[in-house]
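# Tertiary structure, described
So the chains spell out like this:
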Amino acid sequence: MENPETPLEQVRANIAKACKVARREPDDVTLVAVSKTHPAEAIEPLLRQRQRAFGENRVQEAQAKWPALLEAYPGVELHLVGQLQSNKADDAVALFDVIHSLDRPSLVKALARAMNRAGKRVPCFVQVNIGSEEQKGGCPIGELPQLLKRADEADIPVAGLMCIPPLEIEPTPFFALLDKLARDHGLDGRSMGMSSDYETAIMLGATHVRVGTALFGTRST
Ligand SMILES: *Cc1c(COP(=O)(O)O)cnc(C)c1O
């Protein structure tokens, strides 16, 4: 795009540029617009610019916001990018098209049960605690093979791996590690990169970048 006029056009242009440098096809990278905390009025301009993949981090917030928008704008793909409690698995399976936060055996069980009940398979990214941070969600790297095996046995379609690198450190080695783990396990999807580092993530193989602030501005909550 020659003269990007909206934040979305700017982000799209940046993605295209990163893809070109990385010799990748722009179609191989999905921009997930993370609209958490932002109201429908902030989301609609993006929908009108044909953005179709959106991310939310809370099931209840998404239930309040999205049904009306889904009706008005066909073809939207909703991504759950936040931690999921097992008791919300049914609601998540009903509303979301992709889940980025499968991170523990108990959630494999809850999601498998929910998918069976709904008669619907929702592709899931397994979230990896890539920086081995104590407070952070995500499957410990050492437990990843076992968790992938359990997901496979439960007939959960695994789209790939997802990570949130530690804050305020250069993210490159963490993206490279997630890429390697995905390759080792024969998985195509890599959900990595946010507003501050999505171009870097694309250079290192991201297939899904989750961008909020660069599209919607700063969140107040
Ligand atoms: C909020 C959020 C994002 C978007 O972050 P920005 O820095 O606003 O782009 C991406 N991924 C997850 C898991 C999030 O919770």
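Residues numbered from 1 in each chain as written. Predicted model: local features only at pLDDT ≥ 70, side-chain atom pairs only at ≥ 80, totals over all residues. Heavy atoms only, no water.

## Side note on the overall build of the protein
Helix and strand counts for the protein stand at nine helices and eight strands. For the protein, the C-alpha radius of gyration of 17 Å lies close to 17 Å, the compact-globule estimate for 221 residues. With respect to the principal axes defined by its C-alpha atoms, the protein has extents near 50 × 40 × 30 Å. When burial is assessed residue by residue, the protein has 48% of its 221 residues classed as buried. Of the contacts formed within the protein by residues at least 6 apart in sequence, a portion of 59% connects residues at least 24 apart. Surface accessibility of the protein: about 11,100 Å² in total, with carbon and sulfur atoms responsible for 48%. Charged side chains in the protein number 26 positive and 29 negative. The centres of these two groups are separated by 3 Å. (Helix = DSSP H or I, 4+ residues; strand = E, 2+ residues; numbered from the N terminus. Rg over C-alpha atoms; globule rule 2.2 N^0.38 Å. Buried < 20%, exposed > 50% of the residue type's maximum accessible area, 1.4 Å probe, protein only. Contact = heavy atoms within 4.5 Å. Areas by Shrake-Rupley, 256 points an atom, 1.4 Å probe, with all protein chains shown as cover. Lys, Arg positive; Asp, Glu negative; His and termini not counted. Charge placed at Lys NZ, Arg CZ, Asp CG, Glu CD.)

## Some remarks on the site of the ligand
Near the ligand you find V34, K36, V81, M162, I164, M194, S195, R210, V211, G212, T213 and R219, and these make up its full shell. In this structure, T213 approaches the ligand through a side-chain N or O atom, which is 2.5 Å from an oxygen atom. At 2.8 Å from an oxygen atom of the ligand is found a side-chain nitrogen or oxygen belonging to R219. Alone, the ligand offers 390 Å² of accessible surface; in the complex the protein occludes 89% of this. (Near = heavy atom within 4 Å. Polar contact = N/O pair within 3.5 Å; in protein donor to acceptor, adjacent residues only side chain to side chain.)

## Some details on the packing of aromatic side chains
Following the criterion strictly, the structure yields one aromatic pair and no others. Ring geometry for F54 and W66: centres 5.0 Å apart, planes at 50 degrees, overall tilted. Placement of the pair is F54 in strand β2 (residues 53–56) and W66 in helix α3 (residues 59–72), with a sequence separation of twelve residues. The same class applies to F54 and to W66, which are both buried. (Phe/Tyr/Trp six-rings, centres within 6.5 Å; stacked < 30°, edge-to-face > 60°.)

## Observations regarding α3
For α3, which comprises 14 residues, the first-to-last C-alpha distance of 20 Å matches the rise-based estimate of 20 Å (1.5 Å per residue) to within 8%. The sharpest bend along α3 reaches about 45 degrees and sits at W66, with the proline P67 one to four residues further on. Taken together, the buried positions of α3 are occupied by V59, E61, A62, K65, W66 and L69. Along its buried surface, α3 packs onto α2 (40–48), β2, β3 (77–80) and α4 (89–95). (Expected span 1.5 Å × (residues − 1). Bend = angle between axes of the 7 residues up to and from the residue.)

## Digging into the UniProt feature "modified residue: N6-(pyridoxal phosphate)lysine" (unreviewed entry) in the protein
Sequence positions flagged by UniProt for "modified residue: N6-(pyridoxal phosphate)lysine" (unreviewed entry) are, in local numbering, K36. Mapped onto the secondary structure, K36 falls in the loop between β1 (30–34) and α2. Those residues in contact with K36, other than ones at most four positions away along the chain, are G55, E56, N57, E61, K65 and R219. (UniProt positions renumbered as here; feature names shortened; annotations may be inferred.)

## Some words on the UniProt feature "domain: Alanine racemase N-terminal" (unreviewed entry) in the protein
Residues annotated by UniProt as "domain: Alanine racemase N-terminal" (unreviewed entry) correspond here to residues 8–219. Along residues 8–219 one finds 43% helix and 17% strand; the C-alpha atoms at either end are 17 Å apart.

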